[in-house]
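Take a look at the letters that make up each chain.
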2 protein chains.
Amino acid sequence: MDYKITETKSRITEDNDRCAEEVRRRLKETGTVLINLMGSPGAGKTTFLIRTLQALKDRYRIGVMEADVDSDVDAAAVSELGVRVIQLHTGGSCHMDADMTMRGLTEMGYDDLDLIVLENVGNLVCPAEFDVGANIRVMILSVPEGDDKPLKYPLMFQVSDCMIINKIDVLPVFDFSVEEARKRARNLNPNLTVIPLSAGNGEGFDEWIRWLTERMEAYEGH
Amino acid sequence: MDYKITETKSRITEDNDRCAEEVRRRLKETGTVLINLMGSPGAGKTTFLIRTLQALKDRYRIGVMEADVDSDVDAAAVSELGVRVIQLHTGGSCHMDADMTMRGLTEMGYDDLDLIVLENVGNLVCPAEFDVGANIRVMILSVPEGDDKPLKYPLMFQVSDCMIINKIDVLPVFDFSVEEARKRARNLNPNLTVIPLSAGNGEGFDEWIRWLTERMEAYEGH
């Protein structure tokens, strides 16, 4: 049984795509890179973000937009690092869209920043459907979630540039194959970069920092 | 910054609520209980469901509706138990609504069943917003997701009757307090039943089966 996508939905998506292009155009003017960081609740997005900020905050001027249905838990944790951070409450909505991103950018101020990370609402489905105007889309799949997730939530893997396999420190206690996860994700998206790491203990993190830094340099040189 | 809920959304929700009441009315006529099983991707919904079926399939006539954005992975696993199962593809949608549930019930047939379990799309946000017409709402929070999730995704905890804390077998390797999770969830919903267990090894499962059986008997006697 298939659920029919309504016309309303198509129209919303078209409007969103136009707005996302406008976000990208404005950020290009100021040379600012926007990362859309996505993943399930509990995949480790905030821990991953904090370690990334610790590694790069002396090298780049970084801002963070924390999107949550409710609560300021993550923004409070991030602000302790002395990085500019804004909390966005989606008011029940399960994802960020381009208009909400634009309003967040305007409120935070972005023209003096090199890099902005948007931590999206924890959700492996809806955020994949909405282009927020990001230059880099990063998704996190954590080991306890299982290596079958690309089969069940394909769109997220298709729209991402980089897939972080997080919590590899607990591989011994879960039935999870890094190779199977990589293969299934790359079947959906042959261009996907896959980086296994542990945001908790830092194992494998250098590869992610190297990959991101290369992307930042490519953007600047463009 | 708050995102404004649009009028369109309110109208959709009202239509859905009417349809959900119709689902409940029809199921009451045939004495069938419907469970809406919700939780993040990888929380262990399918493993939990399969163990529940193993425990109860000789006692009740049970049907399963597997909702997925895409793929038939879960339906294939469940059908091996000899239980009636139908796969619902939401066509990209991040949740089941009452109309989709009604269509699933009609397609599967339900008048000879005592119990139907709807395994919702893996998502801690959107399924909480849509009443599908269930009599019992069960949500799974797994240990690796973290005990702070009630703070970040409050609605799911508010609308559920029972919260399963799954994967307690990996408590030693995660920083997760069952007591904190319970306290935070009950702050949102004082009537919530909280049952810690491991769907993987069966620890604590008896309490869940007892709770469900009592609910079934209460429904029948009503």
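See the structure printed just above.
Here's a quick rundown of the structure. (Residues numbered from 1 in each chain as written. Chains lettered and ligands numbered in written order. Predicted model: local features only at pLDDT ≥ 70, side-chain atom pairs only at ≥ 80, totals over all residues.)

### Some words on the interface of chain B and chain A
Here is step 1 of the chain: Counting residues at the interface gives 44 residues for chain B and 43 residues for chain A.
Here is step 2 of the chain: No other element matches helix α4 (residues 98-108) of chain B, which puts four residues into the side of chain B that touches chain A.
Here is step 3 of the chain: Residues belonging to the side of chain B that touches chain A are distributed by class as follows: 19 nonpolar, 14 polar and 11 charged. (Contact = placed C-beta atoms within 7 Å. Helix = DSSP H or I, 4+ residues; strand = E, 2+ residues; numbered from the N terminus. Nonpolar A, V, L, I, M, F, W, Y, C, P; charged D, E, K, R; others polar.)

### Re the nonpolar core
Side chains of nonpolar character tend, in soluble globular proteins, to be buried together.
Here is step 1 of the chain: Judged by nonpolar contacts, the single largest core of 122 residues is most densely connected at A:L118, A:I164, B:L118 and B:I164.
Here is step 2 of the chain: Other than its neighbours up to four places away in sequence, A:I164 contacts A:F48, A:V138, A:I140, A:I195, A:L197 and A:W208. (Core = buried A, V, L, I, M, F, W, Y, C linked by C-beta atoms within 7 Å. Buried ≥ 20, exposed ≤ 12 C-beta atoms within 10 Å, placed from the backbone.)

### As for the relation of the copies chain B and chain A
Here is step 1 of the chain: Here chain B sits on chain A after a turn of 180° about the axis and a move of 0.0 Å along it, with an RMSD of 0.0 Å. Here the symmetry operator amounts to a two-fold rotation axis.
Here is step 2 of the chain: Comparing interface residues between copies, 98% of those in chain B also lie at the interface in chain A; the contact surface is shared. (Least-squares fit on C-alpha atoms with pLDDT ≥ 70 in both.)

### What to know about the environment of A:I164
Here is step 1 of the chain: The topology assignment puts A:I164 in strand β6 (residues 162-166).
Here is step 2 of the chain: Classification of A:I164 by C-beta neighbours within 10 Å gives buried; the count is 29.

### Let's talk about the environment of A:K152
Here is step 1 of the chain: Relative to the elements of secondary structure, A:K152 occurs in helix α5 (residues 149-152).
Here is step 2 of the chain: With 23 C-beta atoms counted inside 10 Å, the residue A:K152 sits in the buried group.
Here is step 3 of the chain: Placed 28 residues apart in sequence, A:K152 and A:L124 show a C-alpha to C-alpha distance of 9.9 Å.
Here is step 4 of the chain: Setting aside its immediate chain neighbours within four residues, A:K152 contacts B:P41, B:D68, B:V69, B:D70, B:S71, B:V73 and B:G122.

### Some words on the sheet that holds strand β2 (residues 62-68) of chain B
Residues and elements named next belong to chain B.
Here is step 1 of the chain: Read from one edge of the open sheet, seven strands run β3-β2-β4-β1-β5-β6-β7, paired in parallel fashion. Looking along the sheet, the strands with just one partner apiece sit at the ends: β3 (84-89) and β7 (193-196). The sheet shows a mean angle of 20° between the axes of neighbouring strands, taken without regard to direction.
Here is step 2 of the chain: As defined by bridge partners, β2 adjoins strand β4 (residues 115-119) across five bridges and the pair is classed as parallel. In the strand pairing of β4, V64 is matched with V117.
Here is step 3 of the chain: Packing against the sheet, helix α2 (residues 45-56) makes contact with β1 (33-39), β2, β4, β5 (136-142) and β6 (162-166), and its axis sits at approximately 170° to β4.
Here is step 4 of the chain: Strands β2, β3 and β4 of the sheet are contacted by α4, whose axis makes an angle of about 140° with β3. (Pairing = 2+ DSSP bridges. Axes fitted to C-alpha atoms, helices over the stretch in contact; angles between N-to-C directions.)

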